[in-house]
Amino acid sequence: MTITTPDDFAQRWRQPPNFPLDVAFDYTFLPAVDILDHVRRDKEVRFTILGDDDWQVRMDRTAAFRTAPIEEIVTWTFRLVHFDLSRIYDAVLHGFQEEVMIPWRTHLSVRGFTWQRLAPILFLSTEGAASTYHNDNSHGLVWQVHGVKTFHSYLDPGEYLSADEAIMGETTGEDPPEHDEADRHSVTMQPGDQLWSHALTPHWVTTESPLAMSVTLSHGGLSHQGRFSDRELALRAYWDKNPAEAWTHDLRNVRY
Ligand SMILES: [Fe+2]
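To keep things clear, this report deals only with the structure shown in the data block. The residue numbers shown here count from 1 along each chain, following its written sequence. Local features in this predicted model are restricted to residues of pLDDT 70 or higher, and side-chain atom pairs are both shown and tallied only at a pLDDT of 80 or more, whereas totals for entire chains, interfaces and linings draw on every residue.

Topic: the sheet that holds strand S5 (residues 117–126)
Two strands in a sheet stick together by hydrogen bonds in their backbones, pointing the same way (parallel) or opposite ways (antiparallel). For two strands to pair, DSSP has to find at least two bridges joining them. Strands here mean DSSP runs of E at least two residues long; helices mean DSSP runs of H or I at least four residues long; both are numbered from the N terminus. As summarised here, the arrangement of the 7 strands in space is S1-S9-S6-S11-S5-S3-S2, forming an open sheet in which the pairing is antiparallel. Strands at the two margins of the open sheet, each flanked by one partner only, are strand S1 (19–21) and strand S2 (46–49). Adjacent strand axes in the sheet meet at a mean angle of 25 degrees when their direction is disregarded. The pairing of strand S3 (residues 78–82) with S5 spans 4 bridges and is classified as antiparallel. Paired with arginine 79 across the bridge in S5 is serine 125. Angles shown run from 0 to 180 degrees and are taken between the N-to-C directions of axes, each axis being a line fitted to C-alpha atoms and, for helices, limited to the stretch in contact.

Have a look at this one:
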């Protein structure tokens, strides 16, 4: 189903499962390979070389990732994330602030949403790469830009991970635990597809094309007419009791 009206969104964002969205941003990205070629050299980039090759091959690739020919890099299995896109707006995301971030913030704002942090995150990966199994503290508007990825979560995440367990980060691992496939909610995303990923629900992402690029608009502390989602309320209650931990997880202990 596609969310085309703001009324639907204002109801559905409150609880899982994840759902497709159709937000028509007027933005054209540079080719993914060109963005990769730039971002791999930025000092804030994080990447992990994956694949079946032996340890030494992965070590050599890790060392050469920023300098080897780009044609070679794209044949390696890796996942890459960049959390501070303001560093690369001028070079490879020209107009992203004006054409994406400001219109989306305005769209939410005029419909009664508030938030405490709303920032884009860039993901690049190659075929065979998978993210970790994890949950985020933030709601994500996942926007598939280039290539194909499958976004896996659960129809009823509560069957696998309570809000409190999510807050304590009890999801994190390289692979998902054993689960009933019928409980899984897997959405294969083609270029242009979008998905709302509910905060504090476990998920993992697999790459299904030679190169894939997506952008997630990450919403921390999202609230509609003063009401947080239920899982976010549990997070707030935890932070009230543990104020030194408030807002630390997203920025210091990022999983992807
Ligand atoms: Fe995530």
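Some words on the nonpolar core
One finds Phe78, Leu80, Leu122, Phe123, Leu124 and Met213 to be the most contacted residues of the largest nonpolar core, which totals 34 residues. Elements supplying a minimum of two residues to this core: helix H2 (32–39), S2, S3, S5, strand S6 (139–146), strand S9 (194–197) and strand S11 (211–220). The element contributing the most residues to this core is S5, with 5 residues. Here, residue contact means that the backbone-derived C-beta atoms of the two residues sit within 7 Å. Aside from chain neighbours lying at most four places away, what touches leucine 80 is Arg40, Val45, Arg46, Phe47, Leu124 and Ser125. A set of buried Ala, Val, Leu, Ile, Met, Phe, Trp, Tyr and Cys residues, joined through C-beta atoms within 7 Å, is what we mean by a nonpolar core. Burial is judged by counting other C-beta atoms within 10 Å of a residue's own C-beta: 20 or more means buried, 12 or fewer means exposed, and anything between counts as partly exposed, with every C-beta placed from the backbone. In terms of nonpolar packing, the next biggest core, distinct from the first, is built from 7 residues, Leu161, Ala163, Ala199 and Leu235 among them.

Concerning helix H6 (residues 96–110)
What a helix should span is 1.5 Å times the count of its residues minus one. The terminal C-alpha atoms of H6 lie 20 Å apart, and with 15 residues this matches the ideal 21 Å at 1.5 Å per residue to within 8%. A positive backbone phi angle near 90 degrees is found at glycine 112, which sits one or two residues after H6.

Regarding the pairing of S11
Along S11, 9 of the 10 residues are buried, which leaves the element largely enclosed by surrounding structure. As paired strands, S5 and S11 are joined by 10 bridges and run antiparallel to one another. Looking at S11, one finds that isoleucine 121 is bridged to threonine 216. In terms of strand pairing, S6 meets S11 through 7 bridges, oriented antiparallel.

Here's the deal with the pairing of strand S7 (residues 149–154)
In regular strands, side chains alternate between the two faces of the sheet. A large share of S7 lies buried, amounting to 5 of its 6 residues. Where S7 meets strand S8 (residues 184–189), 6 bridges bridge the pair, whose relative direction is antiparallel. Paired with tyrosine 154 across the two strands is arginine 184, which belongs to S8. Note that S7 and strand S10 (residues 204–207) share 4 bridges and pair antiparallel. Its bridge partner being in S10, histidine 152 is matched across the sheet by tryptophan 204.

A closer look at the sheet that holds S8
Strand order in the open sheet made by the 3 strands is S8-S7-S10, with antiparallel pairing throughout. Each edge of the sheet is formed by a strand with only one pairing partner; in this case those strands are S8 and S10. Along the sheet, successive strands turn relative to each other by an average axial angle of 20 degrees, direction set aside.

Thoughts on unusual backbone geometry
In the segment running from proline 16 into proline 17, the intervening peptide bond is cis, with an omega of 5 degrees. Position of proline 17 relative to the elements: it lies in the loop between helix H1 (6–12) and S1. Even without being glycine, leucine 200 reaches a positive phi, approximately 60 degrees. When you line up the elements, leucine 200 lands in the loop between S9 and S10. One non-glycine residue, glutamine 225, lies in positive phi territory at about 50 degrees. Relative to the assigned elements, glutamine 225 resides in the loop between strand S12 (223–224) and strand S13 (227–228).

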